[in-house]
Amino acid sequence: AQSVTQLDSQVPVFEEAPVELRCNYSSSVSVYLFWYVQYPNQGLQLLLKYLSGSTLVKGINGFEAEFNKSQTSFHLRKPSVHISDTAEYFCAVPTGTAGNKLTFGGGTRVLVKP
Amino acid sequence: NAGVTQTPKFQVLKTGQSMTLQCAQDMNHNSMYWYRQDPGMGLRLIYYSASEGTTDKGEVPNGYNVSRLNKREFSLRLESAAPSQTSVYFCASSEASGGSYTQYFGPGTRLTVL
């Protein structure tokens, strides 16, 4: 079964510094991969997704992720974070019959400090 | 469009009480989902409905029942609440249930079982 592992549970970072959130997946077949963001006391919203094509995927709010098949990774990056990026970030992969379920990683909490 | 709405936002129950969490979407989506979110565990799928008239178990279905009332509405029922069901519950919907489709989330219901 496909799964995802987020290697960091918390990432403190200063404002305007770069950030990278790590996600590794396990799969022997083609994958779709998602990053979702959850701002405090809100639901999740899609940041970006990889379906096929270019391995560099650009999302909302200046985030991007790179699909690396050889390393089975889909790390999320932003070159310069803002206070408003303080949130929890989840990597997810479709699982189950026809990929009709989403399996989430444990989440990475990003705290942006002034 | 309101997107995905959930009621109530907060609820406190005593052990053994029952309640129903309501979810509705106005995006004409075919598939709907119920998740629970617990610290450090990401989101775990409780039940999902790939299309109107069908429901299937997810990863953690024990202690829950669901009803897909119509295309718009998908409710989650706790028949006899237990402290282990203290969690934040999210409803989501997607255009279809294939792996490439984005899921859209509601704002969540915070449930405490005493």
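Notes on the structure in this doc start here. Residue indices begin from 1 for each chain and proceed along its sequence in written order. To label them, take the chains in the order written and letter them from A, then take the ligands in the order written and number them from 1. Only residues with pLDDT of at least 70 are given local features in this predicted model, and only at 80 or more are side-chain atom pairs given and counted; all residues enter the totals for whole chains, interfaces and linings. To get the side-chain values, take all heavy atoms of the structure and skip hydrogens and water.

**Here we look at the interface of chain A and chain B**
Turning to step 1, where the next piece is worked out: Counting from both sides, the interface comprises 22 residues of chain A and, opposite them, 22 residues of chain B.
Turning to step 2, where the next piece is worked out: Roughly 1600 Å² of surface becomes buried between chain A and chain B when both sides are summed, with 53% attributable to carbon and sulfur atoms.
Turning to step 3, where the next piece is worked out: By convention in these notes, a salt bridge is any Lys or Arg side-chain nitrogen within 4 Å of a carboxyl oxygen on Asp or Glu. At the surface where chain A touches chain B, the tally comes to zero salt bridges.
Turning to step 4, where the next piece is worked out: Think of a polar contact as two N or O atoms within 3.5 Å of one another; within protein, one of them needs to be a possible hydrogen donor and the other a possible acceptor, and neighboring residues in sequence only count if both atoms come from side chains. In this assembly, chain A and chain B are joined by five residue pairs in polar contact (both at pLDDT 80 or more).
Turning to step 5, where the next piece is worked out: If you list the elements that add at least two residues to the side of chain A that touches chain B, you get β5 (33-38), β6 (44-50), β10 (87-95) and β11 (101-104) of chain A. What makes two residues a contact is simply this: any of their non-hydrogen atoms within 4.5 Å. A simple way to read buried area is as the amount of 1.4 Å-probe accessible surface that goes missing from two parts once joined, with both sides added. Helix and strand definitions here come from DSSP, where helices need a minimum of 4 consecutive H or I residues and strands a minimum of 2 consecutive E residues; each element is numbered from the N-terminal end.

**Looking at the sheet that holds strand β8 (residues 74-78) of chain B**
All names here are of chain B.
Turning to step 1, where the next piece is worked out: Pairing in this open sheet of four strands is antiparallel, and the strands run β1-β3-β8-β7 from one edge to the other. Because the sheet does not close on itself, it has two edges, and the strands there are β1 (4-7) and β7 (64-68). Put simply, the sheet's adjacent strands are angled 20° from each other on average, direction ignored. Here the rule is simple: two strands pair whenever DSSP picks up at least two bridges between them. A fitted line through C-alpha atoms serves as each axis, taken over the contacting stretch for helices, and the angle formed by two N-to-C directions is quoted from 0 to 180°.

**Brief notes about the state of the cysteines**
Residue and element names in this part refer to chain B.
Turning to step 1, where the next piece is worked out: Pairs of cysteine sulfur atoms within 2.5 Å are identified as disulfides in what follows. For the structure shown, the criterion picks out two disulfides over all chains.
Turning to step 2, where the next piece is worked out: Paired by a disulfide, Cys-23 and Cys-91 hold their sulfur atoms 1.9 Å apart. Taking the torsion about the sulfur-sulfur bond, which here is approximately -70°, the covalent link between Cys-23 and Cys-91 counts as left-handed. Of the two residues, Cys-23 is situated in strand β3 (residues 19-25) and Cys-91 in strand β9 (residues 87-94); the sequence distance between them amounts to 68 residues. The residues Cys-23 and Cys-91 share a single accessibility class, namely buried. Exposure categories follow from relative accessible area, calculated using a 1.4 Å probe and restricted to protein chains: below 20% of the type maximum is buried, above 50% is exposed, and the middle band is partly exposed.

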